[in-house]
Amino acid sequence: MKHLLKLLDWSKEEILETLDLADKLKAEKKAGIKHHILEGKTLGMIFEKSSTRTRVSFEVGMFDLGGAALFLSSKDLQIGRGEPVEDTARVLSRFLDGIMIRTFDQEEVESLAKYGSIPIINGLTDFCHPCQVLADLQTIREYKGSLEGKKLCYIGDGNNMANSLIVGGIKTGMSVAIACPKEYQPDAEIMKWAKENGDFICTDNILEAAKGSDVLYTDVWASMGQEGEAEERKKIFKDYQINDSVVEVSNEGVMVLHCLPAHRGEEITAKVLEEHASEIFDEAENRLHAQKAVLVKCMAD
Ligand code: CP
Ligand code: NVA
């Protein structure tokens, strides 16, 4: 059974095969070619947090592949009233062919996979966001031609995006630099793994991290679930912004990416966002193509 619980579980070859498939599905969609790969199959999409891109890309993705998708809000499910994930997993496995879940605790996603008997796809937890990073890698390849040897610099909170970018970047041969405040570094185990497996640094020196970058990336200072810390975080993260000075020290032709939603004037200036809108919205579009590739990998027979 193939799950996507976190990128650490997937090999470099599996990641690259998924990116190749995403490129193929994208070209076929543009050419108007229809698919029946997941005909008769249903994906349940459990959301315990808000979403625009993830929900719509998975729903449209299932439709494009000939299957169906069910939006299941935790507000309405019994899981929201305390039904254990072990039971939910076993019940939903009797009805569905796959589950995509967006939640808080990574353990919940791992438990769904442990107790259920259908593929589980992680649509974001506090720990990671693997689907987003597959779309990001697809976009970087489109603009830069390849991933190997390119420098990716992430500026901001050492959150779910940072964790997944480190793993996706290092696994595909990129050099990864993270700039964040000392108390907000990415997951310690992931940083240890990255140092052992590739070219990785984490520093609080923004310009040092950004120097010579081919890709600059940022994300919100306060993630979903941290709304209560937003004001305090604005003070802590005020310098951790993609702006002209950061772009200046990067390589000529640097790409700027953002998983979105963005807060202009906080983690990125409105000017840089608009100057790099083509790659940022190609990145958002690629959620659809990358998600379809994940669905085929996990759910096709
Ligand atoms: N980037 C991303 O996952 O967006 P949504 O929260 O809108 O799904
Ligand atoms: N770090 C953000 C990513 C949103 C796609 C969050 O978890 O809210």
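Heads up: the structure comes first, above all this text.
Please read all numbers here as calculations on a predicted model, not as lab measurements.

Q: Any details on the overall build of the chain? Residues and values, ideally.
A: Counting its regular elements, the chain contains 12 helices and 9 strands. The C-alpha radius of gyration of the chain comes to 19 Å, within 12% of the 19 Å expected for a compact globule of 301 residues. Each principal axis of the C-alpha distribution contributes one length, and for the chain these read about 55 × 45 × 35 Å. When contacts within the chain are restricted to residue pairs at least 6 apart in sequence, those whose partners lie at least 24 apart make up 77%. Side-chain charges in the chain split into 36 positive and 51 negative, and the spacing between the mean points of these groups amounts to 2 Å.

Q: Can you lay out empty space enclosed by the protein for me, pointing to particular residues and giving the numbers?
A: All chains considered together, the criterion is met by 1 cavity of 30 Å³ or more. Volume-wise, the largest cavity comes out at about 40 Å³. For the lining of the largest cavity, the leading source of residues is helix 6 (residues 160-171), giving 3 residues. Residues belonging to the lining of the largest cavity are distributed by class as follows: 6 nonpolar, 2 polar and 1 charged.

Q: Any chance you could break down the nonpolar core for me, citing the residues and the numbers?
A: Residues Ile121 and Leu295 are the most contacted members of the largest nonpolar core, which totals 51 residues. Once residues within four sequence positions are removed from consideration, Leu295 is found in contact with Leu38, Leu43, Phe58, Gly61, Met62, Leu65, Ile121 and Ala300. Ile155, Ala179, Tyr184 and Val254 belong to the second-largest nonpolar core, a separate cluster that totals 22 residues.

Q: Tell me about the layout of surface pockets, residues and numbers included.
A: Approximately 480 Å³ is the volume found for the largest pocket. Of all elements in the fold, only helix 2 (53-64), helix 6 and helix 9 (230-236) reach the threshold of two or more residues within the lining of the largest pocket. The residue inventory of the lining of the largest pocket, partitioned by class, reads 10 nonpolar, 10 polar and 8 charged.

Q: So what's going on with the pairing of strand 6 (residues 175-179)? Which residues, and what values?
A: Burial analysis of strand 6 places 5 of its 5 residues in the buried class, the great majority of the element. Here strand 6 shows two buried faces, one formed by Ser175, Ala177 and Ala179 and the other by Val176 and Ile178. With 5 bridges connecting them, strand 5 (residues 151-155) and strand 6 associate as parallel partners. The partner of Cys153 across the bridge, within strand 6, is Ala177. Traced from strand 5 through helix 6 to strand 6, the parallel crossover comes out right-handed. Relative to strand 7 (residues 200-203), strand 6 runs parallel, the two sharing 4 bridges. Bridged to Ile178 within strand 7 is Cys202. Taken together, strand 6, helix 7 (residues 188-197) and strand 7 form a β-α-β motif whose crossover is right-handed.

Thresholds applied
Residues numbered from 1 in each chain as written. Chains lettered and ligands numbered in written order. Predicted model: local features only at pLDDT ≥ 70, side-chain atom pairs only at ≥ 80, totals over all residues. Heavy atoms only, no water. Helix = DSSP H or I, 4+ residues; strand = E, 2+ residues; numbered from the N terminus. Rg over C-alpha atoms; globule rule 2.2 N^0.38 Å. Contact = heavy atoms within 4.5 Å. Lys, Arg positive; Asp, Glu negative; His and termini not counted. Charge placed at Lys NZ, Arg CZ, Asp CG, Glu CD. 1 Å grid on protein atoms, 1.4 Å probe; cavity = no way out; pocket = protein on both sides within 12 Å on 5 of 7 lines; lining within 4 Å. Points joined across faces, edges and corners; volume = space filled by probe spheres on them. Nonpolar A, V, L, I, M, F, W, Y, C, P; charged D, E, K, R; others polar. Core = buried A, V, L, I, M, F, W, Y, C linked by side-chain atoms within 4.5 Å. Buried < 20%, exposed > 50% of the residue type's maximum accessible area, 1.4 Å probe, protein only. Pairing = 2+ DSSP bridges. Right-handed = clockwise from strand over helix to strand, strands pointing away.

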